[in-house]
Amino acid sequence: MSGRSSAQKTHEKQTKKPRDGYQRRLQMANIGFIGLGNMGGPMAANLVKAGHMVKVFDLSDDAVANAVEGGAHKAASVGAAAADVDFVVTVLPAGKHVLAVYDGLDGVIAHAKPGTVLIDSSTIDVDSARKASELAKAAGLGVVDAPISGGTAGAAAGTLTFMVGGADADFASAEPILAAMGSNIVHAGDSGAGQAAKICNNMVLGVSMIAVSEAFMLAKRLGLDAQKLFEVSSKASGQCWALTSYCPVPGPVPTSPANRDYQPGFAVDMMLKDLKLAQQASAESGATTPMGALAESLYALYSNGGNGDMDFSAIVKMLDGEK
Ligand code: NAD
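Computed from a predicted model, the values in this text were never measured in an experiment. (Residues numbered from 1 in each chain as written. Predicted model: local features only at pLDDT ≥ 70, side-chain atom pairs only at ≥ 80, totals over all residues. Heavy atoms only, no water.)

**Some details on the overall build of the protein**
- In terms of regular secondary structure, the protein is built from 16 helices and 9 strands.
- A globule of 323 residues ought to have a C-alpha radius of gyration of about 20 Å, and the protein, at 21 Å, matches this closely.
- With the C-alpha coordinates aligned to their principal axes, the bounding extent of the protein is approximately 65 × 50 × 35 Å.
- Classification of the 323 residues of the protein by burial places 49% in the buried group.
- Put simply, 65% of the contacts in the protein that link residues at least 6 apart link residues at least 24 apart.
- Of the roughly 15100 Å² that the protein leaves accessible, carbon and sulfur atoms contribute 56%.
- Distance between charge centroids for the protein: 6 Å, based on 26 positive and 31 negative side chains. (Helix = DSSP H or I, 4+ residues; strand = E, 2+ residues; numbered from the N terminus. Rg over C-alpha atoms; globule rule 2.2 N^0.38 Å. Buried < 20%, exposed > 50% of the residue type's maximum accessible area, 1.4 Å probe, protein only. Contact = heavy atoms within 4.5 Å. Areas by Shrake-Rupley, 256 points an atom, 1.4 Å probe, with all protein chains shown as cover. Lys, Arg positive; Asp, Glu negative; His and termini not counted. Charge placed at Lys NZ, Arg CZ, Asp CG, Glu CD.)

**Section: the site of the ligand**
- Neighbouring the ligand are 21 residues; N38, M39, D58, L92 and K273 lie closest to it.
- Residue M39 places a main-chain N or O atom 2.9 Å away from an oxygen atom belonging to the ligand.
- T123 places a polar main-chain atom, nitrogen or oxygen, 2.9 Å from an oxygen atom of the ligand.
- For the ligand, whose unbound accessible area comes to 830 Å², protein coverage reaches 85%. (Near = heavy atom within 4 Å. Polar contact = N/O pair within 3.5 Å; in protein donor to acceptor, adjacent residues only side chain to side chain.)

**Digging into the environment of V186**
- Take V186: it is sitting in strand β9 (residues 182-189).
- Judged by its relative accessible area of 38%, V186 is partly exposed.
- Placed 21 residues apart in sequence, V186 and G165 show a C-alpha to C-alpha distance of 8.9 Å.
- Every residue in contact with V186, bar those within four places of it in the chain, is listed here: F162, M163, V164 and F171.

**As for the pattern of salt bridges**
- Taken as a whole and judged by the stated rule, the model has 7 salt bridges.
- One salt bridge connects K228 with E231, and the closest N-O pair in it is separated by 3.5 Å. Here K228 pairs with E231, and both are found in helix α12 (residues 226-233), just 3 residues apart, close to one helical turn.
- On the basis of relative accessible area, E231 is assigned to the partly exposed category, the value being 41%.
- Here the salt bridges share partners, and the residues they tie into one network are D84, D86 and K113. (Salt bridge = Lys/Arg side-chain N within 4 Å of Asp/Glu carboxyl O.)

**Considering the nonpolar core**
- One finds F33, M43, L47, I119, F162 and L178 to be the most contacted residues of the largest nonpolar core, which totals 35 residues.
- Elements represented by at least two residues in this core include exactly β1 (30-34), α3 (40-49), β2 (53-57), α4 (61-69), β4 (87-90), β5 (117-120), β8 (160-165) and α10 (168-179).
- Ranked by residue count, the leading element in this core is α10, at 5 residues.
- With residues up to four places along the chain from it excluded, the contact list for M43 reads F33, V91, S121, I148, A155, L160, F162 and M181.
- Counting residues in hydrophobic clusters, the runner-up holds 32 residues, among them I210, L229, M271 and Y299. (Core = buried A, V, L, I, M, F, W, Y, C linked by side-chain atoms within 4.5 Å.)

**Examining the packing of helix α11 (residues 193-222) against helix α15 (residues 290-307)**
- Between α11 and α15, whose axes approach to 9 Å, the crossing angle comes to 70°. Judged by the inter-axis angle, α11 sits roughly perpendicular to α15. Between α11 and α15 lies a crossing of left-handed hand. Contacts between α11 and α15 pair M203, G206, V207, M209 and I210 from the former with M291, G292, A295, L298 and Y299 from the latter. (Axes fitted to C-alpha atoms, helices over the stretch in contact; angles between N-to-C directions. Parallel < 35°, antiparallel > 145°, perpendicular 65-115°, else oblique. Left-handed = near helix turned anticlockwise from the far one by under 90°.)

**Thoughts on α4**
- Those residues of α4 that sit buried are A63, V64 and A67. What you see down the axis of α4 is that its buried residues fit within an arc of 100°, all on one side. Across from the buried face of α4, at angles greater than 90 degrees, the exposed residues are D61, D62, N66 and E69.
- For α4, the elements touching its buried residues are β2 and β3 (73-74).
- Taken from the residues just after α4, G71 is the one with a positive phi, measuring 115°. (Arc of directions from axis to C-beta.)

**A few points about α10**
- Between the first and last C-alpha of α10 there are 16 Å, a value that for 12 residues agrees with the 16 Å anticipated at 1.5 Å per step.
- The element α10 is extensively covered by neighbouring structure, given that 9 of its 12 residues are classed as buried.
- When α10 is considered as a whole, its buried residues turn out to be D170, F171, S173, A174, E175, P176, I177, L178 and A179. (Expected span 1.5 Å × (residues − 1).)

Structural data, given as structure tokens:
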């Protein structure tokens, strides 16, 4: 524990946020928000808390009701959420949902006024991200792909990492809005670069979680105590996030899902989706990613065993021989 007060922590987070002009504009933005699930719900709540006018739409009435209770305004449709706002944020499951919400008669693009900036924070394939961006640009709209990392805890705390793809001007417009939901905002490049960064990062995470899990299971067979392996590897060349922040066995990292029967956190099926996106991009771009391919197969196997809703660190149980 650091011993810092919550007031100190809040101050530190604010000092990392963009400059004064951005803060002024933060008070004034009208935002449409579509997709109020595990991530989008708390993200929209943070925009409301930052002083924005937020119009929300989701297929789930309960999700909309929760957001309205927190101070958001209900929009009757996708088009209504996108009309007459400065920004439209989407946090949806996959590329087909984003394209469906952007395109069509009641879509975002048909209703957004020229100059509106579209921010898509879903994790989707790079091709769909680029297609969404082309549709938006052709209609005179700004657009960035801005996928997120940090999980539901980061979404609630407003400490997400955003990996952003898009033109400089669109990034500059979107940055103050992202700063109300996250603490680390990286302009990764042009359209699609945010999604590329996201799937590369999560491929590292999927592979490293399996590697760490294998090491703990080997240690178990060798009679080496898990805590001792942690004490060595967390300070040695095996150190990585999957070990030190998200240790897959109970004990060494009290906050990791291993200590709460592997409830997510970040579900197996979410990790599988991201590994599939990485393999799809790998095949299309001609990259060589054999460890990513193996990680995808192992997570598919574990998901097919009925474990899709478990936290992804639970794959250690499969490696231990559990069904
Ligand atoms: P979720 O399933 O909880 O939420 C998705 C929401 O989108 C739901 O409320 C659903 O009703 C809504 N929706 C779907 N189609 C819609 C439509 N046509 N119109 C309006 N609403 C629609 O998913 P989530 O966990 O919030 O994840 C959202 C995105 O964020 C995904 O792309 C995921 O990969 C990514 N992500 C999730 C996490 C995580 O830890 N959960 C972390 C990083 C990134």
